[in-house]
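Fold and geometry: a report
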Amino acid sequence: MNLTLTEQQKGEQASFRTFVETEIIPYANQYDRDEYTPPNLIKKLAQNKYLGAMLPTEIGGGGMDAISYGLLNEEIGRGCSSLRSLITVHNMVAHALVKWGSKMQQEYWLPQLAVGEVTAAFALSEPNVGSDAKSIETTATLVGDAYILNGNKKWITYGQIADIFLVFALFQNKPSAFLLEKNTPGLTIKPISGMLGVKASMLAQMHLDNCCIPQKNLVCRHGFGFSHVASSALDWGRYSVAWGCVGITQACLEACLQYTSQRKQFDVYLKDHQLIRQLITQTIVNVKAARLLCYRAGYLKVTSDPISIMETAIAKYFASTIATKVANDAVQIHGANGCSCDYSVQRYLRDAKIMEIIEGSTQIQELTIAEYGYQEYKIPEAISFLNN
């Protein structure tokens, strides 16, 4: 695996970092307090081709490969996890349409998604359904030449402002995916506030009351909603979140290096206390380890290796759990200041905890990765062989 970035990727990385330093970091804590993302900032994301990052340049997208997309998510995540989550869900829907959408859906929606003319949201979770996605209660029925959707969706990232939703529902007990526009009669969107972290991601709850959509809004085929449409989108969602967690850990590292170089206790800079150096060492190693796992997942995606799905799950698991630990240590290093809204580390900790829940919780990843381990290393067969 080649770990050297191309000159183009290095240039993109520098551009991403400059954007974050000037357009996001100075205002991120305020966005968090306001629980709001300004429209002009979303417009700037679109103008820089960050919203349609992986869509072809021919239709106005960024044309990024998996590695460049990962670098983008790291840098945006370093500045504001909420804003990174917009890039995540927007590209999840775009990817689902690229892979499973009809030609008509692709020709109509992808150019608009590429340039940010419309923003997209991913509507899978429900009030009674989280990790057990196959138990969704939202239904779709065919009446004449239209589908009628009924149900509730919850925790929809940027659901307050999205123009188009990729909604998952059961049609004749078959998991299916549909495109639902925000101005559809019967759709009610209620903002969700007061969350622990990613507070500027403008979460929403959706109520679908006999929402009528044309048959052409079915994505892929009935029964393929989870196994194909959702799973492929969530794979890229986990990849984006993993890189975003690297961004959080990098932000914590930078904050701690600065703080410990300026703050004194017992007439000695914090950086010269041995236990502080231990925490800094652990942070440096962990951020590098998480980044390497993300690089591996990205490389396997670039080469279209099927194992990239599992390696992405591993990267997301490690990066998200480490982000929580690193952010917790960062708050500890900052002491009482770390608990104050005047310092960003408290936001990093709150955001990091959310990363352990979204796009597959830590416990779900543990179940998946452990099962993979038993199959990959054939442990039961090996034990049986030794016993005989």
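Quick note: structure is the one above.
What this report covers is the structure whose coordinates are included nearby. (Residues numbered from 1 in each chain as written. Predicted model: local features only at pLDDT ≥ 70, side-chain atom pairs only at ≥ 80, totals over all residues. Heavy atoms only, no water.)

1. Side note on the pattern of salt bridges
Test applied: A pair is scored as a salt bridge if a Lys or Arg side-chain nitrogen falls within 4 Å of a carboxyl oxygen belonging to Asp or Glu. Labels follow the DSSP assignment, with helices taken as runs of H or I lasting at least four residues and strands as runs of E lasting at least two, numbered in each case from the N terminus.
The full count for this structure, using the stated rule, is 17 salt bridges. As a salt-bridge pair, glutamate 74 and arginine 291 come within 2.7 Å of each other at their nearest N and O atoms. Here glutamate 74, found in helix 4 (residues 66-79), pairs with arginine 291, found in helix 8 (residues 274-302); they are 217 residues apart in sequence, far enough to count as distant. Here arginine 277 and aspartate 272 are joined by a salt bridge, their closest N and O atoms 3.7 Å apart.

2. Some details on the nonpolar core
Condition: In these notes, a set of buried Ala, Val, Leu, Ile, Met, Phe, Trp, Tyr and Cys residues joined through side-chain atoms within 4.5 Å is what counts as a nonpolar core. Think of it in three bands: residues with accessible area under 20% of the maximum for their type are buried, residues over 50% are exposed, and the middle band is partly exposed, with areas taken using a 1.4 Å probe on protein chains only.
Counting residues in hydrophobic clusters, the biggest one holds 66 residues, and the most contacted among them are Ile24, Leu45, Tyr50, Leu72, Ile76, Leu83 and Tyr239. Counting residues per element, this core draws most heavily on helix 7 (residues 225-262), which supplies 14 residues. Membership of the second largest hydrophobic core comes to 30 residues, among which are Ala94, Ile164, Phe226 and Ala233.

3. Things to note about the packing of helix 7 against helix 9 (residues 308-334)
Worth spelling out the cut-off: Angles here are taken between N-to-C directions and fall from 0 to 180 degrees, while the axes themselves are lines fitted to C-alpha atoms, restricted in helices to the stretch in contact. Should an angle lie under 35 degrees it is considered roughly parallel, over 145 roughly antiparallel, and from 65 to 115 roughly perpendicular; all remaining angles are considered oblique. The crossing is said to be left-handed when, going from far helix to near helix, the turn is anticlockwise and less than a right angle, and right-handed when the turn is clockwise.
Contact geometry for helix 7 and helix 9: axes closest at 8 Å, N-to-C directions at 25 degrees. When the axes of helix 7 and helix 9 are compared, the pair comes out roughly parallel. For the pair helix 7 and helix 9, the sense of crossing is left-handed.

4. A look at the packing of helix 5 (residues 81-100) against helix 6 (residues 103-115)
Where we set the bar: Any pair of residues with heavy atoms lying within 4.5 Å of one another is described as a contacting pair. Only Asp, Glu, Lys and Arg are considered charged in this grouping, and only Ala, Val, Leu, Ile, Met, Phe, Trp, Tyr, Cys and Pro are considered nonpolar; every other residue, Gly among them, is considered polar.
The interhelical angle for the contact between helix 5 and helix 6, taken along N-to-C directions, is 155 degrees, at an axis separation of 10 Å. Taken as axis vectors, helix 5 and helix 6 run roughly antiparallel relative to one another. Crossing of helix 5 over helix 6 shows left-handed handedness. Here helix 5 contributes His90, Ala94, Leu97 and Val98 to the contact with helix 6, which in turn contributes Gln105, Gln106, Trp109, Leu110 and Leu113. A breakdown of the residues in the contact of helix 5 with helix 6 according to their chemical character gives six nonpolar, three polar and no charged.

5. Topic: the packing of aromatic side chains
What counts, and what does not: Paired rings are identified among Phe, Tyr and Trp, the last through its six-membered ring, by centres lying within 6.5 Å, and are further divided according to the angle between planes into stacked (under 30 degrees), edge-to-face (over 60) and tilted (the rest). Comment: the charge-over-ring label is applied if NZ (Lys) or CZ (Arg) is within 6 Å of the ring centre and within 35 degrees of the ring normal.
By the definition in use, this model includes 13 aromatic pairs. Through pairs of rings, three or more aromatic residues link up here, namely Tyr69, Trp236, Tyr239, Trp243 and Tyr295. The ring centre of tyrosine 269 lies 4.9 Å from the NZ or CZ of lysine 264, which sits over that ring. Between lysine 301 and the ring centre of tyrosine 239, over which it is positioned, the NZ or CZ distance is 5.6 Å.

6. With respect to the environment of arginine 33
Topologically, arginine 33 is positioned in helix 2 (residues 28-34). Of the residues examined, arginine 33 reaches a relative accessible area of 42% and is grouped as partly exposed. Sequence spacing of arginine 33 and isoleucine 248 is 215 residues, and the spatial spacing of their C-alpha atoms is 18 Å.

7. Let's talk about unusual backbone geometry
Positive phi outside glycine occurs at aspartate 267, with the angle close to 65 degrees. Summarising the element assignment, aspartate 267 is placed in the loop between strand 9 (264-265) and strand 10 (268-269). Look at aspartate 267 and you get exposed, because its relative accessible area is 74%. Backbone geometry at glutamate 359 places phi at a positive 50 degrees, although glycine is not the residue there. Relative to the assigned elements, glutamate 359 resides in the loop between helix 10 (345-355) and helix 11 (362-377). Residue classification places glutamate 359 among the buried residues on the basis of a relative accessible area of 17%.

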